[in-house]
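# Survey of secondary and tertiary structure
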Amino acid sequence: MSNSANWTTLTRWTAIVWAVLILIGIALARASGAKAAATTAPSTQPDAVEIGITDFHFVPAEVTIKPGATVTWVNHDDIPHTATADGDSPLFDSKALDTDDKYSFTFTKPGTYPYYCKVHPHMRGKIIVK
Ligand SMILES: [Cu+2]
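Just so we're clear, the structure is a prediction, and the values are computed from it rather than from any experiment. (Residues numbered from 1 in each chain as written. Predicted model: local features only at pLDDT ≥ 70, side-chain atom pairs only at ≥ 80, totals over all residues.)

## Side note on the sheet that holds strand β3 (residues 62-65)
We count it as follows: Only strands that DSSP links by at least two bridges are regarded as paired with each other. The way it works is that DSSP assigns letters per residue, a run of H or I at least four long becomes a helix, a run of E at least two long becomes a strand, and they are numbered from the N terminus.
The strand order across the open sheet built from four strands is β3-β8-β7-β5, with neighbouring strands paired in mixed fashion. The sheet terminates laterally at β3 and β5 (84-85), the two strands that pair on one side only. Relative to strand β8 (residues 124-129), strand β7 (residues 111-116) runs antiparallel, the two being bridged by six bridges. Bridge assignment links Tyr113 to a residue of β8, and that residue is Ile127.

## Overview of the environment of Val71
Rules: C-beta atoms are first placed from the backbone for all residues, and any pair lying within 7 Å is then listed as a contact.
Tracing the backbone shows Val71 in strand β4 (residues 69-75). With 20 residues separating them in the primary sequence, Val71 and Ile51 have C-alpha atoms 7.2 Å apart. Excluding residues that lie within four positions of it along the chain, Val71 makes contacts with Val49, Ile51, Val63, Ile65, Ser104, Phe105, Phe107 and Ile127.

## As for the nonpolar core
Going by this rule: To define a nonpolar core, we join buried Ala, Val, Leu, Ile, Met, Phe, Trp, Tyr and Cys residues through C-beta atoms within 7 Å and take the resulting set. Using C-beta atoms placed from the backbone, we call a residue buried if 20 or more other C-beta atoms fall within 10 Å of its own, exposed if 12 or fewer do, and partly exposed for counts in between.
Among the nonpolar cores identified, the biggest contains 15 residues, and Val71, Trp73, Phe107, Tyr115 and Ile127 are the most heavily contacted of them. The set of elements that each furnish at least two residues to this core consists of β1 (48-54), β4, β6 (102-107) and β7. No other element matches the three residues that β7 contributes to this core. Excluding anything up to four places from it in sequence, Ile127 contacts Val63, Ile65, Val71, Phe107, Tyr113 and Tyr115.

## Re the sheet that holds strand β2 (residues 57-59)
Applicable threshold: In this description, a line fitted to the C-alpha atoms serves as the axis of each element, helices being fitted only across the stretch in contact, and the angle between N-to-C directions of two axes falls anywhere from 0 to 180 degrees.
Ordered by their spatial adjacency, four strands build an open sheet running β2-β1-β4-β6, and the pairing between neighbours is mixed. Each end of this open sheet is capped by a strand with a single partner; those strands are β2 and β6. Looking at each pair of strands side by side, their axes are set apart by 25 degrees on average, direction ignored. As paired strands, β1 and β2 are joined by three bridges and run antiparallel to one another. Pairing of Thr54 across the sheet is with His57, part of β2.

## Topic: the environment of Gly125
Residue position: Gly125 is located in strand β8. In this structure Gly125 comes out as buried when scored by C-beta crowding, with 21 C-beta atoms within 10 Å. For the pair formed by Gly125 and Val59, sequence separation is 66 residues and the distance between their alpha carbons is 8.5 Å. Apart from the residues within four sequence positions on either side, Gly125 is in contact with Ile51, Phe58, Ala61, Glu62 and Tyr115.

## Overview of unusual backbone geometry
Geometrically, the link from Val59 to Pro60 is a cis peptide bond, its omega value of -5 degrees lying close to zero. Position of Pro60 relative to the elements: it lies in the loop between β2 and β3. You will see that Lys95, though not glycine, has its phi angle at about 65 degrees, which is positive. Note on placement: Lys95 falls in the loop between β5 and β6. The phi dihedral of Asp100 is positive, around 70 degrees, even though this residue is not glycine. Following the sequence through the fold, Asp100 ends up in the loop between β5 and β6. Overall, the presence of 9 C-beta atoms within 10 Å leaves Asp100 in the exposed class.

Below you can see the structure in the form of structure tokens.
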């Protein structure tokens, strides 16, 4: 009889099954590693944005941020400007900013927030929170 031959065949198959299982395990580990890297990709919307006031303009005039992000205005001009939200009781109002003065406001709620300069009302900007 070929009992010993049968055992050898069985042992060989066991080794092949183990090898396949190990290769599948390695493949799965690599796939999950790649997935983890993809979910940690950086967001396109920053947590903090700086808007320069230059030559009677807000630069950039329109920015899009996510809720909870902070906008900081910096006056680079030699004359005072403000960053003041539209409306009778504005959501934010920097008051007069002298040269190099800064003013920050954190936007918590989604929406569109137009604003202007009280000293020069033709200076306009817009913050979009979404
Ligand atoms: Cu101004």
